[in-house]
Amino acid sequence: MSQTATSGQPVPGDVLDRLKALVGPGGYVEGPEDTSAYSRPWRGKWEGRTPLVLRPKSTEEVAAIVRLCAETRTPIVPQGGNTGVTYGGLPSADMSEVVVSTSRMRRVRDLDSLNDTMTVEAGVVLKEIQTAAANADRLFPLSLGAEGSCQIGGNISTNAGGIQVLRYGNTRNLVLGLEVVLPDGRVWDGLRGLRKDNTGYDMKQLFIGAEGTLGIITAAVLRLFPKPTEAQSAWIAVDSPKAGLDLLVHMKGAMGEAITSFELIRRSIIEFLLTGVPGHSDPLPQAHPWYVLMEVTGQGAVGSLSEPLTEALESAAGKGLVRDAVIASSSEQAKRLWRMREDLPDAQKAAGGSIAHDVSVPLSRLAEFIARADDAIEKAYPAVRPCCFGHLGDGNLHYNPLCPVDWTYERYAVETAAINRLVHDIVAAVGGSISAEHGIGRLRLEENLRYKNPVELDLMERMKRALDPLNIMNPGRVVPDQR
Ligand code: FAD
Ligand code: ZN
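First, a word on scope: everything that follows refers to the structure included in this document. The structure presented is a predicted model; accordingly, all values stated were derived computationally and were not measured.

**Section: the sheet that holds strand 3 (residues 76-79)**
Picture the strands of a sheet paired through backbone hydrogen bonds; they go either parallel or antiparallel. With mixed pairing, four strands are arranged side by side in an open sheet as 1-2-4-3. Edge strands, defined here as strands with exactly one partner in the open sheet, are strand 1 (28-30) and strand 3. Across the sheet, the axes of successive neighbouring strands diverge by a mean angle of 20 degrees, strand direction being ignored. Note: strand 1 against strand 2 (residues 52-54), three bridges, orientation antiparallel. Paired with E30 across the strands is L52, a residue of strand 2. Seen against the sheet, helix 1 (residues 13-23) touches strand 1, strand 2 and strand 4 (98-101) and runs at an angle of roughly 25 degrees to strand 2.

And the structure:
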């Protein structure tokens, strides 16, 4: 690997001038002030610096940029809404990388209601996609806290999850076709709206979840679903994570596909929500150790799922799986319950901050994981407060131990690597993954090297070299720097 991008050298001025000329005035941003929004994370600490943010408005412009970057060995950082939490879309601090932002590629190219697909450019904000689908009486089910800012290109590149994965799958399941500018500047037009295609390797899967390391996604064909006409939400108190899992099995048996979301929430984080974030009240008269927040949806008449849900919960209570429960009596009450779930990150902040983990484990070992992790943390850090919530139906937990009451967050942050090790060793022992949602980016690179199967890591590095031999496409993220 001799002719790869030069590490750490600021991008030369003549290259910057040629890049600017490709997109014209309005197609780029420069200078520390104007580029800072593209160099800092939405939350957390990362101080990147870039000499140039390119904002192409078409696939052709993206391709021209990448061709010039390949010619001049200039590293590129693709960026969407910059809501990613592992910093893969942020530039290094040494002015050696240009950012390519898709924020001006905002066209919905097509909506095919017979094929139930929508073709969109990478920069369309997720919320706008949901709205466009709803306007056509369809559902695009991807839904997450950052949906007002994140872009579909970023969602695809991180294989984003969220609260409806149980029913509809994660982003990978929602994409039928892709258009990608490859690291040599060629455009791969894979914008096929096919549900079946057995003509060789499924190349789009390689780019989904690649965090911008294999190419720049410029457009996608997305799957649409019937828009639900009926929805019911329930806040259910349970004894333990195991009881939550038993309840999931019971509810699946009773309501099957109707279950769209099944979230687990520990009481401790609810306490911080109630005391630290205004506008919330306890849905049940008494405190309980764990809760499940679930939603069922369907195509029937308004209210038609209310009785089946009540019956299913009553029979679960008869088996001792439910301590108490409330079914939202109006869509406003349902919204209030879901706002509690959405505001849990704010509750963590109000409680002094956490060390975050977005792990997944097999459902059959989820309760064991929580018990072992709690135990290990309690022994090593008796003052650390437990905090855990997440997508129980997907085996994906945000296991985020909270800063001790009398510590500063700076002091707690020093323990990040040690606490990651405690938690991730247990994740590995129960056959889990250290990242189920947020990806590897820069933050989890070292950690992934420790836990990922070496054969798989070798295959990933080979793919990176095969597609990006010059190592210009988001170098040093996901796989170690190939230089
Ligand atoms: P960015 O942050 O801009 O980029 C993310 C990565 O993708 C980077 O590596 C970047 O280089 C690459 N990339 C971006 N666009 C392209 C492109 N067009 N081509 C190639 N590579 C590209 N994530 C979840 O999975 N589930 C959640 O529930 C969830 N909730 C969140 C809630 C909040 C409040 C916040 C702030 C974040 C949350 N996230 C969640 C994380 C984040 O929103 C997702 O990862 C989202 O998919 C990132 O999209 P983005 O457009 O902001 O991408
Ligand atoms: Zn999540």
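**Focus on the state of the cysteines**
In this structure the tally under the stated criterion is zero disulfides. Looking at the unpaired C388, the closest cysteine sulfur is the one in C387, lying at 7.2 Å. Here C388 falls in the buried class, since its relative accessible area comes to 0%. In this model C403 remains outside any disulfide bridge; the closest cysteine sulfur is found in C387, 12 Å from its own. Residue C403 is classed as buried on the basis of its relative accessible area of 1%.

**Things to note about the packing of aromatic side chains**
In this structure the tally under the stated criterion is seven aromatic pairs. Ring centres 6.0 Å apart and planes at 50 degrees place the aromatic pair W46 and Y87 in the tilted group. In this pair, W46 is assigned in the loop between helix 2 (32-39) and strand 2 and Y87 in the loop between strand 3 and strand 4, connecting sequence segments 41 residues apart. On the numbers, 4.9 Å between centres and 65 degrees between planes, the contact of Y168 with F225 is edge-to-face. Placement of the pair is Y168 in helix 6 (residues 165-168) and F225 in strand 11 (residues 225-226), with a sequence separation of 57 residues.

**Some points on the side chain of T119**
Secondary-structure assignment places T119 in strand 6 (residues 117-121). Judged by relative accessible area, which is 13%, T119 ranks as buried. Once residues lying within four places of it in the same chain are set aside, the contact partners of T119 are V108, R109, D110, L191, A220 and V221.

**Quick word on the site of ligand 1**
Ligand 1 sits among 33 residues. The nearest are P78, G80, G81, T83 and G84. Taking P78, its main chain carries an N or O atom lying 2.6 Å from an oxygen atom of ligand 1. Within the complex, the protein chains bury 94% of what would otherwise be the 970 Å² of accessible surface of ligand 1. Mapped onto the shell around ligand 1, the elements with two or more residues apiece are strand 3, helix 5 (152-158) and strand 10 (216-223). Sort the elements by how many residues they give to the shell around ligand 1 and helix 5 lands first, with five residues. Each residue belonging to the shell around ligand 1 can be placed in one class, and the counts come to nine nonpolar, 22 polar and two charged.

**With respect to the sheet that holds strand 10**
What the five strands build is an open sheet, ordered 5-6-10-8-9; its pairing is antiparallel. Bordering the open sheet on either side are strand 5 (108-112) and strand 9 (187-190), each of which pairs with just one other strand. Between one strand and the next, the sheet's axes are offset by a mean angle of 10 degrees, whatever the strand orientation. The pairing of strand 8 (residues 175-181) with strand 9 spans four bridges and is classified as antiparallel. Bridged to V180 within strand 9 is W188. On top of the sheet, helix 3 (residues 59-72) reaches strand 5, strand 8, strand 9 and strand 10; it is set at about 50 degrees to strand 8, its chief contact.

**Thoughts on the coordination of the zinc ion (ligand 2)**
Within the protein, H391 (NE2), H398 (NE2) and E437 (OE) serve as the donor atoms for the zinc ion (ligand 2), at 2.1 to 2.2 Å. Spacing between the donor residues of the zinc ion (ligand 2) along the chain follows H-x6-H-x38-E. Accessibility assignment for this pair places H391 and H398 in one class, buried.

**Thoughts on the pairing of strand 4**
Here strand 4 shows two buried faces, one formed by V98 and V100 and the other by V99 and S101. Strand direction decides the pairing type here: strand 2 and strand 4, joined by two bridges, are parallel. Residue pairing across strands places V53 opposite V99, the latter belonging to strand 4. Pairing geometry for strand 3 and strand 4, over four bridges, is parallel. Directly across from I76, in strand 4, lies its bridge partner V98.

Parameters at a glance
- Residues numbered from 1 in each chain as written.
- Chains lettered and ligands numbered in written order.
- Predicted model: local features only at pLDDT ≥ 70, side-chain atom pairs only at ≥ 80, totals over all residues.
- Heavy atoms only, no water.
- Pairing = 2+ DSSP bridges.
- Helix = DSSP H or I, 4+ residues; strand = E, 2+ residues; numbered from the N terminus.
- Axes fitted to C-alpha atoms, helices over the stretch in contact; angles between N-to-C directions.
- Contact = heavy atoms within 4.5 Å.
- Disulfide = S-S within 2.5 Å.
- Buried < 20%, exposed > 50% of the residue type's maximum accessible area, 1.4 Å probe, protein only.
- Phe/Tyr/Trp six-rings, centres within 6.5 Å; stacked < 30°, edge-to-face > 60°.
- Near = heavy atom within 4 Å.
- Polar contact = N/O pair within 3.5 Å; in protein donor to acceptor, adjacent residues only side chain to side chain.
- Areas by Shrake-Rupley, 256 points an atom, 1.4 Å probe, with all protein chains shown as cover.
- Nonpolar A, V, L, I, M, F, W, Y, C, P; charged D, E, K, R; others polar.
- Donors = N, O, S within 2.8 Å, 3.2 Å for Na, K, Ca; no water.

Taken by themselves, the reported measurements are silent on function.
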